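So you can see what is in the structure, the chains are spelled out below.
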Amino acid sequence: MKPLICFLLLFFVSEIRSFDLVIDEIPDDLENLFDLEVDGFPSKPMTRNGRYQRSTLNDEDSGEAVAGDDKISIYSYKVQSTITSRLVNTMIQSKVENKAKHSQNLVFDVQIPKEAFIHNFTMNINGITFTSSIREKSAARQQYAQARAKGKAAGIVRSSALDMENFKAELNVPGGMKVQFEIHYQEMMRKKLGSYEFVIPLQPGRLAKHLEVDVRIIEPQGLRYVHVPNSLGDHFAGITTISKGEKKAHVSFKPTVAQQRKCPTCSATAVDGNFVVTYDVHRETKAGELEIFNGYFIHYFAPDNLDPLPKNILFVIDVSGSMWGLKMKQTVEAMKTILGDLRPDDHFSIVDFNHNVRTWRDDLVAATAPQTEDAKKYIQEIHPNGGTNINEALLRAIFILKEASSLGMLDPNSVSMIILVSDGDPTVGELKLTKIQKNVKQNIPEDVSLFSLGIGFDVDYDFLDRLAHENHGMAQRIFGNQETSSQMKKFYNQVSTPLLKKVEFNYPQGSVSDVTQNSFDNYFGGSEIVVAGKVDTNNVQHLQSVITATSSNAELVLETLADVEGLDDFLKKEPHADPKFTEKLWAYLTVNQLLAERNLAPTAALKRNITRSILQMSLDHHIVTPFTAMLIENPEGNERMLADSPQDQKKGCCPGTLGVAPNGLDKSIPPWAKPTATAQSLLRAPTLSTDPRITAVDNDPHFIIHLLKSQENICFNIDSEPGKILNLVSDPDSGVVINGQLIGAKKRENKKLSTYFGKIGFYFKNKGLKVEISTETITLKDGSYSTALSWSDTGSIIRKRLLVSVKKDSSVTIAMDTEMSFMVLLHRVWKNHPVNVDFLGIYIPPTNQFSPSAHGLIGQFMSEPEVYIYNERPGRDPEKPEATMEVKGHKLTVTSGLQKDYRTDQVFGTNVHCWFVHNSGKGFIDGHYNDYLVPHLYSFLKNP
């Protein structure tokens, strides 16, 4: 499976930006935007001086659009798809206007199918169209760098795990301005469970004056049926129209504004879901259909009416603590149905694992009614707890299958498979993912397939995907919600009905070349095998295929002959057909196959050769892969953005929409991290208002602990040595560590060397992610993968639902799912200052969802201790009263004073009242501060 291409584009119109992108010359006239069209539509005429002329809006754009309370209007939202013999070309276009008098951030966010290739993107701003081209990655980066070095407008765009299924653009749009986006992608329809299902995520986010979905289907084999289920709900029943002929069909969905409304008086749209079209084609022969057009052939093979082969199946189920609750409940429900669907000639067993590995039976047993019922009872009694030992569980399953084979227990015509269900990374036993892959590959028999089901957002789907594809299987991510059970059953149904094994396609020697793949391990009922290649034009009329395979009864030999003339005549008369569909399908299949082969390449030399082939295919066929980049330019080529394809294959979670983001570059920064109003002096106040609720460590280093229950701020300082690493948070249950490494001032003052945090490390163990923030760079690490941002950038990195967002020369915000968020501030000093150095401060909201086991200098206060402050009295300094504080069995003398919250003002700070604990927090923190020293930046605290 190829990695999905996705970009996070953050544009500004008056200052068009992507990271540090600024376009200097924007025409003064902001009235008519939609004058330039793209992809074959008329373009706007230019004057002699090269400036674009104004023109009026077309009929579609005239009249009043529907504006929400925020004055954002969608003039039109169009999805146009054409399916030519399973090849889908889709265009999504949105035209939007900010009708407010002030500028607003709007977000255009469309969901892209996970197996699609993006091949074109344009945006039209004030009549200027920015277009895209595909370049070799290093060449594109060089052009970007040249533009930046010359002071031209230049921007760089990167995205990762969370948004891998989304193409996203965020713009700051001045009042009265209109913008247009258009994205094109292609994909191949896959037959599943007996039909083709085409899904369009349709989530415009608001009412649209013109909303249209237009799908045209051209299938030379002939259409058996076309069906549009009511997937958007009863609200839209009867609106979709279907016109079906013998070999083509047209589906149209055009709800009016009134029909889009959730209710007659509502301003919200009811269009929020997937628009689905299902269909199937006629199949006249068991040998499939051989289509030849424009020098390429496509062979579709999907026989039915065959008896299923018996199967030997090992279910390997994760029952660690993270599976507790809904995930386990849904898994048990699905397993009960799956076990009930086993056939009497199937054999099976169950391996369940946490930190230990158990088996329901130590060997395979026949799927008789008594055995399946006993297995259901076993599943029902599972109580998730403990860690995750994936390596040992898979090796145990492989051993059971190998032993059964060596004892002659398996039918020679049967198919053997392992289905792994897990929601997390390994935490026990072998932890290195590449080592687990190697162990499985070395031990699994060649005729055994491994299928992986990844549950939840945090699972390392990339690992599960590689594990499956290296071992003749496939992987799927499901999201651990109320639909988990049905998704599991649907996945199982796709792989649980093997009809043929050892399928081979043979063509006359010299008649074809560059065939994508001609042998397959298994063919499953309800699916389809597709083979593509180039044909010798001299032998086109006589191209024949011979297919051999093993069925449930005997060897199967099938032959088919291509009908060239009939296909030519049909397609040349069909105006909506893609004349290059065979070439595009061949390219699509070839690139996917090369990407899979590259993952399995045993040597570096072979991997380099495959990489070169992928790169050439990408450039020749204008598709973005991990080895190319999309260069986005204005007509003059002097404003450029570079869109890099992501480095991983994690599949995202979240559908797209068009919405309004708060003004500012990154809408995902949590509210607490935004500046608060300046607090007034609270010198004698025993409590602090709830406005600046924050726990922080800043300056040299001053700790501010905000206690939610008592609404008090307690402060203390830590005086240690440069180079020492202090543990701030250590939470083994949630797998989170935060440590800070101290640096010293350039020299002592008053016989004291001040220390500050020069480096802060975050370790999210359950995700396998490390974030290192220094005064120079921000680096995110995921195993061997590493990516970095400079403090001179503004931008974001997203991986495994972890957001790292950088605001230029100011702050870094880290957000993990919806559970935790953190802010790190950068303090710059004059480079030649005789004493001071650059340093960091960290701010943590007390609402972060740490576990009760959290500890560390800050973490121990997430489970808030009882604090009683009384007997306020004058102190040694008349401006700083003293009081008695009872906490953790100690009576401490504390002093009222001020510390600084630098979120609002990074130079002078905002005053925050707190009660100061002397002697490095003695009596308030557990033990001595030396107990919180750790050896490495990502070390957990030992024996807190």
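Reading the values: the criteria
- All residue numbers refer to positions counted from 1 along the written sequence of the respective chain.
- Thresholds applied to this predicted model are a pLDDT of at least 70 for local features of residues and 80 or more for the giving and counting of side-chain atom pairs; totals over whole chains, interfaces and linings are not thresholded and use all residues.
- Side-chain calculation: all heavy atoms of the structure are included, whereas hydrogens and water are not.
- UniProt positions are given in the numbering used here, feature names are shortened, and annotations may be inferred rather than shown by experiment.
- Secondary structure counts use DSSP, requiring at least four H or I residues in a row for a helix and at least two E residues in a row for a strand, with both numbered from the N terminus.
- Using a 1.4 Å probe on the protein chains alone, a residue whose accessible area is under 20% of its type maximum counts as buried, one over 50% counts as exposed, and one in between counts as partly exposed.
- Pairs of residues are marked as contacts when any of their non-hydrogen atoms sit within 4.5 Å.
- The Shrake-Rupley method, run with a 1.4 Å probe sphere, supplies the accessible areas, and residue values consider only the shown protein chains as cover.
- By definition, two strands form a pair when at least two bridges between them are found by DSSP.
- Every axis corresponds to a line fitted to the C-alpha atoms, with the helix fit spanning only the stretch in contact, and the corresponding angles, defined between N-to-C directions, vary from 0 to 180 degrees.
- Criterion for a disulfide: a pair of cysteine sulfur atoms within 2.5 Å.
- Here, nonpolar core means buried Ala, Val, Leu, Ile, Met, Phe, Trp, Tyr and Cys residues that are tied together by side-chain atoms lying within 4.5 Å of each other.
- The pLDDT score gives, residue by residue, the confidence of the prediction method on a 0 to 100 scale.
- What counts as a salt bridge is simple: a side-chain nitrogen of Lys or Arg found within 4 Å of a carboxyl oxygen of Asp or Glu.
- By convention a crossover is right-handed if, when the strands point away from the viewer, the path from the first strand over the helix to the second runs clockwise.
- Whether two aromatic rings pair depends on their centres lying within 6.5 Å, for rings of Phe, Tyr and Trp, where Trp uses its six-membered ring; planes under 30 degrees apart make the pair stacked, over 60 edge-to-face, and the rest tilted.
- The rule is short: NZ of Lys or CZ of Arg within 6 Å of the ring centre and within 35 degrees of the ring normal puts a charge over the ring.
- Comment on the angle field: the value is read as roughly parallel under 35 degrees, roughly antiparallel over 145, roughly perpendicular from 65 to 115, and oblique elsewhere.
- Note on residue classes: Ala, Val, Leu, Ile, Met, Phe, Trp, Tyr, Cys and Pro are nonpolar, Asp, Glu, Lys and Arg are charged, and everything else, Gly too, is polar.
- Expected span of a helix, by definition, is 1.5 Å for each gap between consecutive residues, and there is one gap fewer than residues.

An unreviewed UniProt entry annotates the protein as Inter-alpha-trypsin inhibitor heavy chain 2 originating from Chelydra serpentina. Taken verbatim from the UniProt record of the protein, the Subcellular location (unreviewed entry) comment is "Secreted". If you open the UniProt record of the protein and go to Sequence similarities (unreviewed entry), you find "Belongs to the ITIH family."

(A) Representation of the overall build of the protein within the structure. The number of helices and strands found in the protein is 12 helices and 53 strands. Scored against the burial criterion, the 944 residues of the protein give a buried share of 58%. Across the protein, the fraction of contacts at a sequence separation of at least 24, relative to all contacts at a separation of at least 6, is 68%. Summing over all exposed atoms, the protein offers an accessible surface of approximately 38600 Å²; the carbon and sulfur share of this is 48%.

(B) Layout of the sheet that holds strand β31 (residues 544-550). Taken together, 4 strands build an open sheet; the order of strands is β29-β27-β31-β32 and the sheet is antiparallel. Of all the strands in the sheet, the pair left with one neighbour each is β29 (519-524) and β32 (555-561). Here the strands of the sheet are splayed against their neighbours by 30 degrees on average, with no regard to which way each runs. As paired elements, strand β27 (residues 498-506) and β31 share 4 bridges and run antiparallel to each other.

(C) Spotlight on helix α7 (residues 461-469). The buried fraction of α7 amounts to 8 of the 9 residues, a majority that puts the element mostly inside the structure. Taken together, the buried positions of α7 are occupied by Tyr461, Asp462, Phe463, Leu464, Asp465, Arg466, Leu467 and Ala468. Each element contacted by the buried residues of α7 is listed here: α5 (390-406), β24 (415-422), α6 (433-443), β25 (448-455) and β26 (475-478).

(D) Seen up close, the state of the cysteines. Taken as a whole and assessed by the stated rule, the structure comprises 2 disulfides. Here Cys263 pairs with Cys266 through a disulfide, and the sulfurs are 1.8 Å apart. For the disulfide bridge between Cys263 and Cys266, the dihedral angle about the S-S bond is near 95 degrees, and by the sign convention the bridge is right-handed.

(E) Molecular detail of the nonpolar core. Counting 63 residues, the largest nonpolar core has Ile738, Phe762, Val771, Ile773, Ile814 and Phe924 as its most contacted members. Excluding residues within four positions of it along the chain, Val771 makes contact with Ile760, Gly761, Phe762, Phe764, Ile778, Thr779, Leu780, Leu802, Val804, Ile814 and Tyr938.

(F) Local environment of the confidence of the model for the protein. In the predicted model, the protein carries a mean pLDDT of 80, and 82% of its residues have values of at least 70. Throughout residues 153-164 the model reports pLDDT below 50, and contacts reaching past four residues in sequence, or to other chains, amount to 69 contacts. Scored below 50 in pLDDT, residues 645-691 shows 165 contacts in the model against residues more than four places distant or in partner chains.

(G) Local environment of the pattern of salt bridges. Here the structure, examined in full by the defined rule, presents 27 salt bridges. Between Asp280 and Arg283 there is a salt bridge; the shortest N-O distance is 2.9 Å. On the basis of relative accessibility, which here comes to 26%, the residue Arg283 falls in the partly exposed class. Close ionic contact of Arg828 with Asp838 constitutes a salt bridge, the shortest N to O distance being 2.9 Å.

(H) Just the side chain of Ser414, in detail. Position of Ser414 relative to the elements: it lies in the loop between α5 and β24. In contact with Ser414, not counting residues within four places along its chain, are Pro310, Asn312 and Lys501.

(I) Local environment of the environment of Pro865. Residue placement: Pro865 occurs in the loop between β49 (839-844) and β50 (867-873). Residues Pro865 and Val887, 22 residues apart in the sequence, show an inter-C-alpha distance of 6.9 Å. For Pro865, the residues in contact, after removing those within four places along its chain, are Leu707, Val887 and Lys888.

(J) Structural context of the sheet that holds strand β12 (residues 195-202). Read across the sheet, 4 strands follow the order β11-β12-β17-β14 without closing on themselves; strand pairing throughout is antiparallel. The open sheet is flanked by β11 (191-192) and β14 (223-227), the only strands paired with a single partner. Sheet analysis places β11 next to β12, joined by 2 bridges and oriented antiparallel. Residue Lys191 lies in a different strand from β12, and its bridge partner there is Tyr196.

(K) Here's a closer look at the pairing of β25. Among the 8 residues in β25, 8 count as buried, and that is most of the element. Of the two faces of β25, the one carrying Val448, Leu450, Ser452 and Gly454 and the one carrying Ser449, Phe451, Leu453 and Ile455 are both buried. In this sheet, β25 lies alongside β24 in parallel orientation, the contact comprising 7 bridges. Its bridge partner lying in β25, Ile418 is registered against Leu450. In the classification by handedness, the crossover that spans β24, the intervening α6 and the parallel β25 is right-handed. Across 4 bridges, the pairing between β25 and β26 is parallel. Bridging across to β26, Ile455 finds its partner in Ile478.

(L) Local environment of the packing of aromatic side chains. On inspection of all chains with the given rule, the structure shows 26 aromatic pairs. The interplanar angle of 75 degrees and the centroid separation of 6.5 Å between the aromatic rings of Phe451 and Phe491 together place this pair among those described as edge-to-face. Placement of Phe451 in strand β25 and of Phe491 in helix α8 (residues 484-495) is noted, with a sequence separation of 40 residues between them. In this structure Phe491 comes out as buried when scored by relative accessible area, which is 1%. Ring pairing ties together the aromatic residues Phe301, Phe505, Phe520 and Tyr523, which thus form one cluster. One residue, Arg361, lies across the ring of Trp360, its end atom 4.2 Å from the ring centre. Between the NZ or CZ atom of Lys770 and the centre of the ring of Tyr763, over which it lies, the distance is 5.3 Å.

(M) Highlighting the packing of α5 against α6. Contact geometry for α5 and α6: axes closest at 10 Å, N-to-C directions at 5 degrees. As the angle between them shows, α5 and α6 are arranged roughly parallel. For the pair α5 and α6, contact is made by Asn391, Leu394, Leu395, Ile398 and Lys402 and by Ile436, Asn439, Val440 and Asn443, respectively. Considered class by class, the residues forming the contact of α5 with α6 number 5 nonpolar, 3 polar and 1 charged.

(N) Fine view of unusual backbone geometry. Phi at Asp514 takes a positive value of approximately 50 degrees, unusual for a residue other than glycine. Examined against the element boundaries, Asp514 turns out to sit in the loop between β28 (512-513) and β29. A positive phi angle, close to 55 degrees, is found at Lys888, a residue other than glycine. For Lys888, a relative accessible area of 33% translates into the label partly exposed.

(O) Summary view of helix α3 (residues 326-340). Its 15 residues give α3 an end-to-end C-alpha distance of 21 Å, which sits within 8% of 21 Å, the value for a rise of 1.5 Å per residue. Residues of α3 that are buried: Lys327, Met328, Gln330, Thr331, Val332, Ala334, Met335, Ile338 and Leu339. Of the surrounding secondary structure, the elements contacted by the buried residues of α3 are β20 (311-318), β21 (347-353), α4 (369-380), β25 and α8.

(P) Seen up close, the side chain of Asn717. Within the fold, Asn717 resides in strand β38 (residues 712-717). Leave out the neighbours within four places in its chain, and Asn717 touches Pro701, His702, Gln899, Phe916, Ser920 and Gly921.

(Q) Region of interest: the environment of Phe861. By the element assignment, Phe861 lies in the loop between β49 and β50. Between the alpha carbons of Phe861 and Leu707 there is a distance of 7.7 Å; along the sequence they are 154 residues apart.

(R) Broad picture of the pairing of strand β30 (residues 529-535). Burial within β30 is extensive, with 6 of its 7 residues counted as buried. Where strand β19 (residues 296-301) and β30 come together, 6 bridges link them in antiparallel fashion. Bridged to Phe297 within β30 is Gly533. Pairing analysis gives 2 bridges linking β28 to β30, with the strands arranged antiparallel. Along β30, the bridge assignment pairs Val512 with Val535.

(S) Summary view of the environment of Gly245. Structurally, Gly245 is set in the loop between β15 (241-244) and β16 (248-253). Residue Gly245 is classed as partly exposed on the basis of its relative accessible area of 30%. Put simply, Gly245 and Ile218 are 27 residues apart on the chain and 9.6 Å apart in space, counted from C-alpha to C-alpha.

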